Amino acid sequence: MPEFVVALDQGTTSSRAILFDHAGSIRALAQREFEQHYPQPGWVEHDPTEIWSSQAAVLGEVLARAGIRAEDVAAAGITNQRETTVVWDRTTLQPLHNAIVWQDRRTAGLIDQLRAEGLEDEVQARTGLVLDAYFSGSKLAWLLDHVDGLRDRAERGEVAFGTIDSWLAARLSGGELHVTDISNASRTMLYNIHERDWDDVLLDRLRIPRAMMPEVRSCSEVYGTIREGVLAGVPLAGMAGDQQAATFGQTCFEAGQVKNTYGTGCFLVLNTGSTPTHSANRLLTTVAWDVGGSVDYALEGSIFMYPAVEWIRYPGLASHPQHELAQRQMDGPGSLISFEVRGGVDAGRRLLDHVQLMTLAVSLGGVETLIQHPSSMTHAAMPRADRLAAGITDGLVRLSVGCEDADDLIADLEQAFAAASAAAPT
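(A) Local environment of the pattern of salt bridges. This model, assessed by the stated rule, comprises 29 salt bridges. Asp9 is the partner of Arg16 in a salt bridge, and the nearest nitrogen-oxygen pair spans 2.6 Å. For Arg16, a relative accessible area of 26% gives the class partly exposed. For Asp9, a relative accessible area of 17% puts it in the buried group. Counted as one network, the salt bridges with shared partners bring together Arg82, Glu83, Arg187, Asp242 and Glu300.

And the structure:
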């Protein structure tokens with residue numbers, strides 16, 4: 001008798017698989033990061049093949065860690081980064097371009113054009129969303145306009161579009177499934193949340209062939225059977241966008257209940273019940289979920305990081321004297337660099353003793369303090385490092401640095417890490 005369910009958690013920077021037992025306890029977890037691509041400033045892409053391979057790999061890892069086989073799994077479900085846009089060949093399942101990620105801003109000009117044409121109110125009335133490059137619709141329109149032959153092939157029914165849930169469902173099913181769920185569909189700027197169908201007016205305006213759109217299903221049903229990989233034979237039986245899934249997971253089942261979660265971005269989602277509620281303050285009206293034929297809606301507010309943000313992860317000064325600095329180089333007139341330190345007060349103090357910064361934001365327990373220094377201030381005249389490090393505990397400390405030249409600051413940080421590591425006790 002199958003005793004487990006598997007969740008595929010496909011995020012913006014990593015793919016995870018989580019194995020749950022009948023009591024809802026986590027029995028095994030595996031995670032892999034994948035590469036972020038930045039072809040131009042403001043553009044963010046993922047390789048759909050790498051997303052699939054990383055997700056398939058963690059599925060294998062999680063079953064191996066638990067010592068179980070596919071026949072022990074009752075069902076699998078998908079939760080995913082939303083809005084990220086993929087197009088693929090229906091026959092070969094090969095992607096026809098890198099996925100355009102939800103953070104990507106290349107279609108801002110098209111959005112401005114649509115706004116000038118007076119489409120903003122109509123988009124909000126039909127989809128619940130504001131007119132923005134964040135959503136899938138303009139990204140798909142860009143692909144159809146810029147990938148040679150894609151529009152003709154799409155009109156002939158040879159090409160499939162989907163968000164990441166659709167892409168994974170297609171790969172898991174060996175191409176049998178071209179589906180999405182209503183929560184992901186509601187994030188495309190192409191789905192009418194009142195009629196609960198793809199909106200022909202918006203499809204026509206963006207010149208998107210309806211033939212390439214996935215079938216919209218509920219969030220909880222058996223869509224089909226997995227044919228590929230270690231879960232072959234297991235039903236695929238659940239899909240939801242990551243923020244809607246988080247809202248459900250935080251048990252916000254009733255109107256008025258709200259969650260706020262932190263990942264690549266920060267997302268607040270308020271359950272508004274069975275009726276869409278439109279915001280006068282540019283919050284998003286979105287579908288929360290459809291479970292058992294009952295549709296709930298939500299209001300959402302978002303704060304998300306753009307590619308101008310750099311993440312530098314430092315594994316720990318006290319315990320890793322031979323530091324490794326993972327960095328992401330970006331072009332642009334200014335940059336924000338964030339880095340993480342583990343090792344407690346002493347590790348944080350040693351680092352801060354060696355860093356000369358114009359602007360330092362220290363986040364401790366979710367409270368951020370901003371310290372600014374004139375560029376002419378000498379290191380000796382800076383506030384003492386122990387004042388900056390006050391409150392640092394054994395755990396994660398995140399510091400954000402504003403600068404004009406990311407390359408110079410990265411070089412300075414590398415020197416500071418080296419100096420601080422040299423000062424670490426052996």
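Moving on from the coordinates now.
(B) View of empty space enclosed by the protein. Going through the model one piece at a time under the given rule, you end up with 2 cavities of 30 Å³ or more. Approximately 40 Å³ is the volume attributed to the second largest cavity. As for the second largest cavity, its lining consists of Leu114, Leu119, Val123, Leu131, Met189, Leu202, Arg205 and Leu206.

(C) Region of the structure containing the environment of Pro209. As for its placement among the helices and strands, Pro209 is situated in the loop between α8 (200-205) and β12 (215-217). Residue class for Pro209 comes out buried when judged on its relative accessible area of 11%.

(D) Spotlight on the confidence of the model for the protein chain. A residue-level look at the protein chain finds 70% of positions with pLDDT of 70 or above and a mean pLDDT of 77. Counted against residues more than four places away or in other chains, residues 305-352, with its pLDDT under 50, gives 144 contacts.

(E) Local environment of the nonpolar core. Ranked by size, the top nonpolar core spans 50 residues in total, and within it Val87, Leu140, Leu190, Ile208, Met212 and Met213 carry the most contacts. The element contributing the most residues to this core is helix α4 (residues 136-146), with 5 residues. Ranked by size, the runner-up nonpolar core spans 38 residues in total, among them Leu19, Ile78, Leu93 and Trp167.

(F) Molecular detail of the packing of aromatic side chains. Summed over all chains, the structure comprises 8 aromatic pairs. Seen from their ring centres, Trp102 and Phe267 are 6.2 Å apart, and the 65° between their planes marks the pair as edge-to-face. Within this pair, whereas Trp102 is found in the loop between β7 (99-100) and α2 (108-116), its partner Phe267 is found in strand β16 (residues 265-273), the two being separated by 165 residues in sequence. An aromatic cluster is built from Trp102, Tyr134, Phe135 and Phe267, whose rings are joined through pairwise contacts.

(G) Focus on a nonpolar patch on the surface. Nonpolar side chains collect at one region of the surface, where Phe248, Phe253 and Val291 lie side by side and expose about 240 Å² of accessible area between them. Within the element layout of this structure, Val291 appears in strand β17 (residues 284-291).

(H) Inspection of the side chain of Arg106 at higher detail. Along the chain, the position of Arg106 falls in the loop between β7 and α2. The exposure class assigned to Arg106 is buried, which follows from its relative accessible area of 12%. Within the structure, Arg106 has its side chain in polar contact with the side chain of Glu45 (distance 2.9 Å). Apart from residues lying up to four places away in sequence, Arg106 is in contact with Gly42, Trp43, Val44, Glu45, His97, Ile100 and Trp142.

(I) Broad picture of the pairing of strand β8 (residues 159-162). Burial along β8 is two-sided: Val159 and Phe161 facing one way and Ala160 and Gly162 facing the other are all buried. Examined bridge by bridge, strand β6 (residues 86-89) and β8 share 4 bridges and lie antiparallel to one another. The residue of β8 that forms the bridge with Val87 is Phe161.

(J) Local environment of the sheet that holds strand β5 (residues 73-80). An order of β3-β2-β1-β5-β14-β13 is seen for the 6 strands of this open sheet, with the pairing classed as mixed. Strand pairing shows two members of the sheet lacking a second neighbour, β3 (26-33) and β13 (224-225), which therefore form its edges. The pairing of β13 with strand β14 (residues 235-241) spans 2 bridges and is classified as antiparallel. In the sheet register, Thr225 faces β14, and the bridge partner there is Pro235.

(K) Spatial organisation of unusual backbone geometry. Although it is not a glycine, Arg207 sits at a positive phi angle of roughly 60°. By relative accessible area, which is 48% here, Arg207 ends up partly exposed. Not every positive phi belongs to a glycine, and Thr251 is a case in point at roughly 60°. Of note, Thr251 is situated in the loop between α9 (242-249) and β15 (258-262).

(L) Representation of the packing of helix α1 (residues 48-66) against helix α6 (residues 164-172). α6 packs onto α1 with a crossing angle of 65° between their chain directions and a minimal axis gap of 11 Å. The handedness of the crossing between α1 and α6 comes out as right-handed. Facing α1, whose interface residues are Pro48, Thr49, Ile51, Trp52, Gln55 and Leu59, α6 presents Ile164, Trp167, Leu168, Arg171 and Leu172. Here the residues of the contact of α1 with α6 sort into 8 nonpolar, 2 polar and 1 charged.

(M) Expanded view of α9. Along α9, the residues that are buried comprise Gln243, Gln244 and Thr247. Viewed end-on, α9 has its buried residues packed into an arc of 100°, placing them on one side of the element. Directly after α9, the chain includes Thr251, whose backbone phi takes a positive value near 60°.

About the cut-offs
- Residues numbered from 1 in each chain as written.
- Predicted model: local features only at pLDDT ≥ 70, side-chain atom pairs only at ≥ 80, totals over all residues.
- Heavy atoms only, no water.
- Salt bridge = Lys/Arg side-chain N within 4 Å of Asp/Glu carboxyl O.
- Buried < 20%, exposed > 50% of the residue type's maximum accessible area, 1.4 Å probe, protein only.
- 1 Å grid on protein atoms, 1.4 Å probe; cavity = no way out; pocket = protein on both sides within 12 Å on 5 of 7 lines; lining within 4 Å.
- Points joined across faces, edges and corners; volume = space filled by probe spheres on them.
- Helix = DSSP H or I, 4+ residues; strand = E, 2+ residues; numbered from the N terminus.
- pLDDT = per-residue confidence, 0-100.
- Contact = heavy atoms within 4.5 Å.
- Core = buried A, V, L, I, M, F, W, Y, C linked by side-chain atoms within 4.5 Å.
- Phe/Tyr/Trp six-rings, centres within 6.5 Å; stacked < 30°, edge-to-face > 60°.
- Patch = residues over 30% accessible without salt bridge, like charges linked within 9 Å, V, L, I, M, F, W, Y side chains within 5 Å.
- Areas by Shrake-Rupley, 256 points an atom, 1.4 Å probe, with all protein chains shown as cover.
- Polar contact = N/O pair within 3.5 Å; in protein donor to acceptor, adjacent residues only side chain to side chain.
- Pairing = 2+ DSSP bridges.
- Axes fitted to C-alpha atoms, helices over the stretch in contact; angles between N-to-C directions.
- Left-handed = near helix turned anticlockwise from the far one by under 90°.
- Nonpolar A, V, L, I, M, F, W, Y, C, P; charged D, E, K, R; others polar.
- Arc of directions from axis to C-beta.

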